[in-house]
Amino acid sequence: MKPATGIIDESKDLRDKIKTMLHDRKAILLAHNYQRPEVQDIADLCGDSLELSIKTSQTDAEVIVFCGVHFMAETASILCPDKKVLLPVFDAGCPMADMITAEELRKKKAALSTGQNVVVISYVNTTADVKAETDICCTSANVIQVAKSVDPSHQIFMTPDKNLAQYAIKHTGRNIIYWEGFCPVHNNLTVEQVRKAKSIHPEAPFLAHPECPPEILELADEVKSTSGMIAYAGSSESREFIIGTEIGMLHPLSKANPDKLFFPADPGMICNDMKKIGLGEILTALQTMQPEVKVPREIREKAKGAVDRMLAIPST
Ligand code: 13P
Ligand code: SF4
């Protein structure tokens, strides 16, 4: 369609085609809060990892177009083996999820299991193979409840995020042994950057994601998952906030709170993998029904137990 200016709005054309294809394919489009704004704006649901997993487990759509990274599409495939799960850019991955393999986890479990019961908690940011070796998964939104659900006589091993594990230790008092993985985007945030942002915006509470290092969380007014930040900003009296997570969050925060201001703690907090999917890739995926993410049955059945146990935790 040609607007009065004569300039062709290609993105509107793309959006219309995507909506038609979603309808024709009986598909649902899910997007993580870090996705590009134009992708979030066309999604049926945007959310954090936990919300997206819950939505996946409940949808009656036949096709799930997952705009996120590979482990998220795998989780959708684990929860919905009969549905087609499309990840519009197949190599959109998570560097943290790749920091531990199933073989490394098996070796770690064997080393820890002498004379004690070990319970493995894996962040959802793990491969399906690692989830298959896991007792219970967690996300940034429920890590504390999940850790508290473990029998106190058992030793917890948490993987892969050392920062999330230390956050869980602090808030549960549990002795948690953890893998030394990390999210490169969050782990690079420095105390100096946060102090500088606070000095420029002295009235703004600092909201940090639990993937940030402990010294950053010490400076935080609130530690929240991505969707937890949206809920907090909505109910807070404050008019402006400093955001300590991937900068894609500024879009859903501003959209949900148009009268408030959000400043990045570090504008360099960009997850390149979360930016790989655009409207063109979504349309192509719907037209070709590729690239598909499908977790093999033997892995899926083992991994599903860990995801289901997480989803059964109260208040999550
Ligand atoms: P949440 O959206 O679950 O807080 O997770 C952040 C993240 O890093 C996803 O990759
Ligand atoms: Fe992985 Fe970090 Fe990117 Fe999230 S922000 S997908 S944890 S690298």
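Scroll up for the structure.
All of the points below concern the structure found in this document. (Residues numbered from 1 in each chain as written. Chains lettered and ligands numbered in written order. Predicted model: local features only at pLDDT ≥ 70, side-chain atom pairs only at ≥ 80, totals over all residues. Heavy atoms only, no water.)

Things to note about the nonpolar core
For clarity, the cut-off: Working definition of a nonpolar core: buried Ala, Val, Leu, Ile, Met, Phe, Trp, Tyr and Cys residues. They are joined through side-chain atoms within 4.5 Å. Burial classes: relative accessible area under 20% of the type maximum marks a residue as buried, over 50% as exposed, and values in between as partly exposed (1.4 Å probe, protein chains only). Segments assigned H or I by DSSP are reported as helices when at least four residues long, segments assigned E as strands when at least two residues long, and all are numbered from the N terminus. Whether two residues are in contact is decided by their heavy atoms, any of which lying within 4.5 Å being enough.
By size, the foremost hydrophobic cluster in this structure holds 99 residues, and its most contacted members are Ile-18, Leu-29, Val-65, Ile-121, Phe-206, Ile-243 and Ile-282. Among the elements that take part in this core, helix H4 (residues 70–79) stands out by supplying six residues, more than any other. Beyond its immediate sequence surroundings of up to four residues, Leu-29 is in contact with Ile-18, Leu-22, Ile-42, Ala-43, Asp-44, Leu-45, Val-65, Cys-67 and Ile-282.

What to know about the site of ligand 2
Applicable threshold: For each residue, the test is whether any non-hydrogen atom lies within 4 Å of the molecule or strand; if one does, the residue is near. A cavity here means a set of 1 Å grid points, computed over protein atoms only, where a 1.4 Å probe fits but cannot escape. A pocket is an open set with protein on both sides within 12 Å along at least 5 of 7 lines, and lining residues have an atom within 4 Å of a point. Put plainly, a molecule is in a cavity or pocket when over half of its atoms are within 2 Å of the grid points there.
Taken together, Tyr-34, Cys-94, Pro-95, Met-96, Asn-125, Cys-183, Glu-211, Cys-271 and Met-274 form the complete shell of residues around ligand 2. In a pocket analysis with a 2 Å cut-off to the grid points, ligand 2 is assigned to the largest pocket.

Points about the sheet that holds strand S5 (residues 118–123)
This is how the line gets drawn: Strand pairing follows a simple DSSP-based rule, namely that at least 2 bridges must link the two strands. Axis definition: a line fitted to C-alpha atoms, over the contacting stretch in the case of helices. Angles run 0 to 180 degrees between N-to-C directions.
Spatially, S6-S5-S7-S8 is the arrangement adopted by the four strands of the open sheet, whose pairing is parallel. The outermost strands of the open sheet, each flanked by one partner alone, are strand S6 (136–138) and strand S8 (176–178). Each strand of the sheet is rotated relative to its neighbour by a mean of 30 degrees, with strand direction disregarded. Relative to strand S7 (residues 155–159), S5 runs parallel, the two being bridged by five bridges. Looking at the pairing, Val-118 lines up with Gln-155 of S7.

Focus on the pairing of strand S1 (residues 27–32)
Regular strands place their side chains on alternate faces of the sheet. Counting buried positions along S1 gives six out of six residues, so the element sits mostly inside the fold. Of the two faces of S1, both are covered, the one formed by Ala-27, Leu-29 and Ala-31 as well as the one formed by Ile-28, Leu-30 and His-32. Both S1 and strand S2 (residues 45–47) contribute to a ladder of three bridges, which runs parallel. Its bridge partner lying in S2, Leu-30 is registered against Leu-45.

Focus on the sheet that holds strand S9 (residues 206–208)
Taken in spatial order, the four strands line up as S10-S9-S11-S12 in an open sheet, and their pairing is parallel. One side of each edge strand has no neighbouring strand; the edge strands of this open sheet are strand S10 (222–223) and strand S12 (261–264). Bridge count between strand S11 (residues 240–244) and S12: four bridges; the pairing is parallel. Considered in S12, the bridge of Phe-241 is made with Phe-262. Helix H12 (residues 226–235) rests against S9, S10, S11 and S12 of the sheet, and its axis sits at about 170 degrees to S11.

Overview of empty space enclosed by the protein
Note the following rule: Grid points are joined across faces, edges and corners, and a volume is the space filled by probe spheres set on the points. Classes in brief: Ala, Val, Leu, Ile, Met, Phe, Trp, Tyr, Cys and Pro nonpolar; Asp, Glu, Lys and Arg charged; the others, Gly included, polar.
Enumeration according to the criterion identifies one cavity of 30 Å³ or more in this entry. One number sums up the size of the largest cavity: a volume of about 70 Å³. Residue lining of the largest cavity: Ser-49, Leu-52, Ser-53, Thr-56, Phe-66, Phe-71, Met-72, Thr-75, Ala-76, Leu-79 and Val-124, and that is the complete set. Put simply, the parts of the chain that give the lining of the largest cavity at least two residues each are helix H3 (49–58) and H4. No other element matches H4, which puts five residues into the lining of the largest cavity. Taken together, the residues of the lining of the largest cavity sort by class into seven nonpolar, four polar and no charged.

Describing the pairing of S7
Put simply, the test is: With the strands pointing away from the viewer, any crossover whose connection runs clockwise from the first strand over the helix to the second is right-handed.
Burial analysis of S7 places five of its five residues in the buried class, which makes it a mostly covered element. Side-chain alternation along S7 places Gln-155, Phe-157 and Thr-159 on one buried face and Ile-156 and Met-158 on a second face that is also buried. With three bridges connecting them, S7 and S8 associate as parallel partners. Looking at the pairing, Met-158 lines up with Tyr-178 of S8. For the crossover from S7 across helix H8 (residues 162–172) to S8, the handedness is right-handed.

Observations regarding the packing of helix H1 (residues 10–24) against helix H14 (residues 279–288)
Heads up, the condition is: Angles are sorted into four bins: roughly parallel if under 35 degrees, roughly antiparallel if over 145, roughly perpendicular if 65 to 115, and oblique for all others. By convention, the crossing between two helices is left-handed when the near helix turns anticlockwise from the far helix through less than a right angle, and right-handed when the turn is clockwise.
Taken N-terminus to C-terminus, the directions of H1 and H14 make an angle of 30 degrees; their axes are 10 Å apart at the nearest point. Looking at the two axes, H1 sits roughly parallel to H14. As H1 packs across H14, the resulting crossing turns out to be left-handed. Between H1 and H14, the residues in contact are Ser-11, Leu-14, Arg-15, Lys-17, Ile-18, Met-21 and Leu-22 and Leu-279, Gly-280, Ile-282, Leu-283, Leu-286 and Gln-287, respectively. Across the contact of H1 with H14, the residue classes tally to eight nonpolar, three polar and two charged.

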